[in-house]
Amino acid sequence: LVANDGTVVTAQDGPPARGLIPTLLIFDQPVPDLKTLALPATLAPGRYRLEISAYDVATVTPVGPPLPFDWFTIGPPPITPTQLIDARWTDGLQLIGTDVLPSTVQAGETLTLRLVWAATAPITQDYTVFLHLVDQTGQPVAQRDQRPGGDFYPTSAWKVGEAVDDVYPLTIPVDATGPYRLLVGVYHAQTGERLQLTTGEDQSELAVLQVDNK
């Protein structure tokens, strides 16, 4: 059991099927294997990941990297955003909303945006989110790219209906002034291809921000 920061919270080692069937004799038939993990009583609220690993007992050499197979959360779900948006992309990704943004910001200031996401259907890919602050010609003057849920909880692992919040810092350029549009979109990092919204667009407007350069 692994925490969001990569710390192993608890673990259990043992041969598959309690060693009753040597791995050399496990072929293509399913073999039940019961493992029990005792959760610490002091386990903090947050998201945790279950991983399975296999290694050579004689050399303690891993057969391969750990394989994540399930996630769960301890504690309450994310706080409902104060500004509901309900933007929906074609692969089941939904932006529920964000917290209210200020209408006026200072040049050079770093905004901290909390976006709350959900899956309306099983998501087939691991996506990256971009935030673009664009001027009146549509040119980005600032941007932030990151995977919602990070590498720890990629979008393809999200459970349908579960709310996932993520924080995105965005620094306003020191020479910016006037109105700017704040846009959000989603893309596949390996190809750079943007995911389309169900409306046919490839980005959604979060807000119009007035940048004060005084």
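In the block above lies the structure referred to throughout.
Now for a description of the structure that goes with this document. Each chain has its residues counted from 1, running along the sequence as written. The predicted origin of the model limits local features to residues at a pLDDT of at least 70 and limits the giving and counting of side-chain atom pairs to 80 or more, whereas totals for whole chains, interfaces and linings rest on all residues. For the side-chain quantities, the full set of heavy atoms in the structure was used; hydrogens and water were omitted.

## A word on the overall build of the chain
The helix and strand inventory of the chain stands at zero helices and 14 strands. Labels follow the DSSP assignment, with helices taken as runs of H or I lasting at least four residues and strands as runs of E lasting at least two, numbered in each case from the N terminus. When the helices and strands of the chain are placed in sequence order, the string is β-β-β-β-β-β-β-β-β-β-β-β-β-β. Based on C-alpha atoms, the radius of gyration is set beside the globule rule, defined as 2.2 Å times the residue count to the power 0.38. Here the chain has a C-alpha radius of gyration of 22 Å; the compact-globule value for 214 residues is 17 Å, and the former is much larger. For the chain, the C-alpha atoms occupy an extent of roughly 70 × 40 × 30 Å along the three principal directions. The Shrake-Rupley method, run with a 1.4 Å probe sphere, supplies the accessible areas, and residue values consider only the shown protein chains as cover. Accessible surface computed for the chain: about 12500 Å², of which carbon and sulfur atoms make up 56%.

## A short note on unusual backbone geometry
The residue V60 is not glycine, and still its phi comes out positive at about 55°. Looking at the element boundaries, V60 is found in the loop between strand 3 (55-56) and strand 4 (61-62). You will see that D86, though not glycine, has its phi angle at about 55°, which is positive. Within the secondary structure layout, D86 lies in strand 6 (residues 83-88).

## A look at the pattern of salt bridges
Pairing between side chains becomes possible if they bear opposite charge and their charged atoms approach one another. Any Lys or Arg side-chain nitrogen found within 4 Å of a carboxyl oxygen on Asp or Glu counts as a salt bridge. For the coordinates displayed, the defined rule picks out eleven salt bridges. In this structure, D33 engages K35 in a salt bridge whose closest nitrogen and oxygen atoms are separated by 2.8 Å. Only protein chains enter the accessibility calculation, which uses a 1.4 Å probe; a residue is then buried when its area is under 20% of its type maximum, exposed when over 50%, and partly exposed in between. Looking at K35, the relative accessible area reads 34%, which means it is partly exposed. Taken together, the salt bridges that share partners define one network made up of D99, R114 and D165.

## Some details on the sheet that holds strand 6
The pairing of strands in a sheet comes from backbone hydrogen bonds and takes either a parallel or an antiparallel form. A pair of strands counts as paired when DSSP detects no fewer than two bridges linking them. Reading across the sheet, the four strands line up as 6-7-9-12 and stay open at both edges, with antiparallel pairing between neighbours. Pairing within the sheet leaves two strands with one partner each, and these edge strands are strand 6 and strand 12 (163-171). Averaged over all neighbouring strand pairs, the angle between strand axes comes to 30°, with direction disregarded. Pairing of strand 9 (residues 110-119) with strand 12, which is carried by nine bridges, proceeds in the antiparallel orientation. Residue pairing for strand 12: R114 is matched across the bridge by V167. Interaxial angles span 0 to 180 degrees and are taken between N-to-C directions of axes, which are lines fitted to C-alpha atoms, for helices over the stretch in contact.

## Observations regarding a nonpolar patch on the surface
The patches reported here contain residues having more than 30% relative accessible area and no salt bridge. Joining distances are 9 Å for like charges and 5 Å for nonpolar side chains (Val, Leu, Ile, Met, Phe, Trp, Tyr). A contiguous nonpolar surface patch, about 580 Å² in accessible area, is contributed by L20, I21, L24, L25 and F27. Here L25 shows up in the loop between strand 1 (2-3) and strand 2 (46-52).

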